[in-house]
Amino acid sequence: MTARLIDGKALAAQVRAQVAERVQALKAHGITPGLAVVLVGDDPASQVYVRNKAAACEAAGMLSRTVTLAADTPEGELLDLLEALNTDASIHGILVQLPLPGHIDTGRVIAGIDATKDVDGFHVANAGLLLTGRPRFLPCTPYGIMKMLESEGVPLWGTEAVVVGASNIVGKPMALLLLAAGATVTICNSKTRDLAAQTRRADVLIVATGRPGMITGDMLKPGAVVIDVGINRLEDGRLAGDVDFETAVPVASAITPVPGGVGPMTIAMLLVNTVEAAERQLSA
Ligand code: NDP
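Residues numbered from 1 in each chain as written. Predicted model: local features only at pLDDT ≥ 70, side-chain atom pairs only at ≥ 80, totals over all residues. Heavy atoms only, no water.

1. Overview of the overall build of the chain
- In terms of helices and strands, the chain carries 10 helices and 11 strands.
- Over its C-alpha atoms the chain spans a radius of gyration of 19 Å, differing by no more than 12% from the 19 Å that the globule rule assigns to 284 residues.
- Taken along the three principal axes of its C-alpha coordinates, the chain extends 50 × 40 × 35 Å.
- Taking all 284 residues of the chain together, 50% fall into the buried category.
- Taking the contacts inside the chain whose residues are at least 6 apart along the sequence as the reference set, 70% of them involve residues at least 24 apart.
- When the accessible surface of the chain is totalled, it reaches about 12900 Å², and 56% of it is carbon and sulfur.
- Put simply, the chain has 23 plus and 29 minus side-chain charges, and the middle of one group is 4 Å from the middle of the other. (Helix = DSSP H or I, 4+ residues; strand = E, 2+ residues; numbered from the N terminus. Rg over C-alpha atoms; globule rule 2.2 N^0.38 Å. Buried < 20%, exposed > 50% of the residue type's maximum accessible area, 1.4 Å probe, protein only. Contact = heavy atoms within 4.5 Å. Areas by Shrake-Rupley, 256 points an atom, 1.4 Å probe, with all protein chains shown as cover. Lys, Arg positive; Asp, Glu negative; His and termini not counted. Charge placed at Lys NZ, Arg CZ, Asp CG, Glu CD.)

2. Quick notes on the pairing of strand β5 (residues 160–164)
- A large share of β5 lies buried, amounting to four of its five residues.
- Across five bridges, the pairing between β5 and strand β6 (residues 184–188) is parallel. Bridging across to β6, Glu160 finds its partner in Thr184.
- The β-α-β motif built from β5, the intervening helix α7 (residues 171–180) and the parallel element β6 has right-handed crossover chirality.
- Judged from the four bridges that link them, β5 and strand β7 (residues 204–207) form a sheet pairing that is parallel. Within β7, the residue paired with Ala161 across the bridge is Val204. (Pairing = 2+ DSSP bridges. Right-handed = clockwise from strand over helix to strand, strands pointing away.)

3. With respect to unusual backbone geometry
- The amide bond that connects Leu98 to the next residue, Pro99, takes the cis arrangement and shows omega of 0°.
- Within the secondary structure, Pro99 sits in the loop between β4 (93–96) and α4 (106–111).
- The step from Val258 to Pro259 runs through a cis peptide bond, and the omega angle for that step is 0°.
- Position of Pro259 among the secondary structure elements: in the loop between β11 (254–255) and α10 (262–283).

4. As for the domain arrangement of the chain
- Each domain of the chain was delimited in the assignment, giving domain 1 (30–115) and domain 2 (140–262).
- On a C-alpha basis, the centres of domain 1 and domain 2 stand 28 Å from each other. (Domains from an automatic or database assignment.)

5. Some remarks on the nonpolar core
- In terms of nonpolar packing, the biggest core is built from 55 residues, with Val19, Leu149, Leu178 and Ile206 touching the most fellow members.
- Inspection of this core shows a minimum of three residues originating in each of domain 1 (30–115) and domain 2 (140–262).
- Once residues lying within four places of it in the same chain are set aside, the contact partners of Val19 are Ala60, Met62, Leu271, Val272 and Val275.
- Val162, Cys188, Val226 and Ile255 belong to the second-largest nonpolar core, a separate cluster that totals 20 residues. (Core = buried A, V, L, I, M, F, W, Y, C linked by side-chain atoms within 4.5 Å.)

6. Comments concerning the site of the ligand
- If you check the shell around the ligand, you find 23 residues, and the closest are Ala166, Ser167, Ser190, Lys191 and Thr266.
- Between the ligand and Ser190, the relevant distance is 2.6 Å, taken from an oxygen atom to a side-chain nitrogen or oxygen of the residue.
- At 2.7 Å from an oxygen atom of the ligand is found a side-chain nitrogen or oxygen belonging to Lys191.
- A total of 930 Å² of accessible area belongs to the ligand in isolation, and the protein chains cover 71% of it.
- The leading source of residues in the shell around the ligand is α10, at three residues.
- Tallied by class, residues from the shell around the ligand come to 10 nonpolar, 11 polar and two charged. (Near = heavy atom within 4 Å. Polar contact = N/O pair within 3.5 Å; in protein donor to acceptor, adjacent residues only side chain to side chain. Nonpolar A, V, L, I, M, F, W, Y, C, P; charged D, E, K, R; others polar.)

7. Quick word on the sheet that holds strand β1 (residues 4–5)
- One open sheet holds the six strands; their spatial order is β1-β11-β8-β7-β5-β6, and the pairing between them is parallel. Each edge of the open sheet is held by one strand with a lone partner, namely β1 and β6.

8. Structural notes on the pattern of salt bridges
- Within this structure, the stated rule accounts for 10 salt bridges.
- Here Asp105 makes a salt bridge to Arg108, at a shortest N to O gap of 3.6 Å.
- Each of Arg22, Glu276, Glu279 and Arg280 takes part in salt bridges that share partners, so that together they form one network. (Salt bridge = Lys/Arg side-chain N within 4 Å of Asp/Glu carboxyl O.)

9. Section: the packing of aromatic side chains
- The final tally for this structure, using the stated rule, is zero aromatic pairs.
- Over the ring of Phe137 we find Arg280, and its NZ or CZ is 4.7 Å from the ring centre. (Phe/Tyr/Trp six-rings, centres within 6.5 Å; stacked < 30°, edge-to-face > 60°. Lys NZ or Arg CZ within 6 Å of the ring centre and 35° of its normal.)

10. Describing the state of the cysteines
- Scanning the entire structure with this criterion turns up zero disulfides.
- Counting only cysteine sulfurs, Cys140 is the nearest neighbor of Cys57, a cysteine outside any disulfide, at a range of 12 Å.
- You can call Cys57 buried: its relative accessible area is 0%. (Disulfide = S-S within 2.5 Å.)

See below:
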């Protein structure tokens, strides 16, 4: 078997085109959806992510505002900025790029974002809504993965789904969405005793650990659908996922490449959440 590639770039382009149409419809009502992205510090990877998000936003016809703060910005100053953005009517979505410098409490900062503008879906109010089956904003990466699975026609109802990685931004919300779609879900973390025994049961395997190449072909069930969330910069400068692509391709039935898989979908779903926030303002 040779796995077919799931083209996240192509699907993201479709989603972005749909968003651009929704933006035009809102503009006809005098509303331009606006996204504020806040970056604290000068981490090069974060700078790239923020630039990409701002560019995607502008390409869809939205207003994009990037605020860059020095790495030693006091937490209180960041919270004041968020308060100003919360009450700014031209801003419908607010995102604080993570990770934040060590002296800043990430939880307090996310709590400082108005939950109705929390387009990353990380606020505890939005996490709680997702947990209880009444989601307002879905976290962008798991949301994008669900879109990919849907677009590929991957059945989830009654299937075995395994999520490797249990972070608040990827693994946990991913597991909740798969559960809601009718899958039987296992979540693994760094303490999982026999990881391969878990992953080999997966009809659908989602990997989000930040450990390059940790899932190899022999850890897969033949015919599994493999979604690789990892983005790891190797010493030679190349980007690699958490799945060992070469050994996985002969075993899986479908797999996402890195780059060009989950990454573009994450940005596309950020735009979806932002346009949705603006549409809610119109219907409020
Ligand atoms: P975190 O570091 O927050 O979480 C990693 C998770 O993986 C933890 O739950 C950890 O377990 C688990 N883990 C680590 N090592 C192992 C192991 N050997 N076996 C099983 N589980 C393990 O990472 P994120 O969720 O933020 O990100 C994961 C990856 O996804 C990174 O490469 C990141 O760059 C990428 N990413 C990509 C995005 C995209 O758009 N494509 C978006 C967001 C992230 P424990 O809980 O026990 O510590």
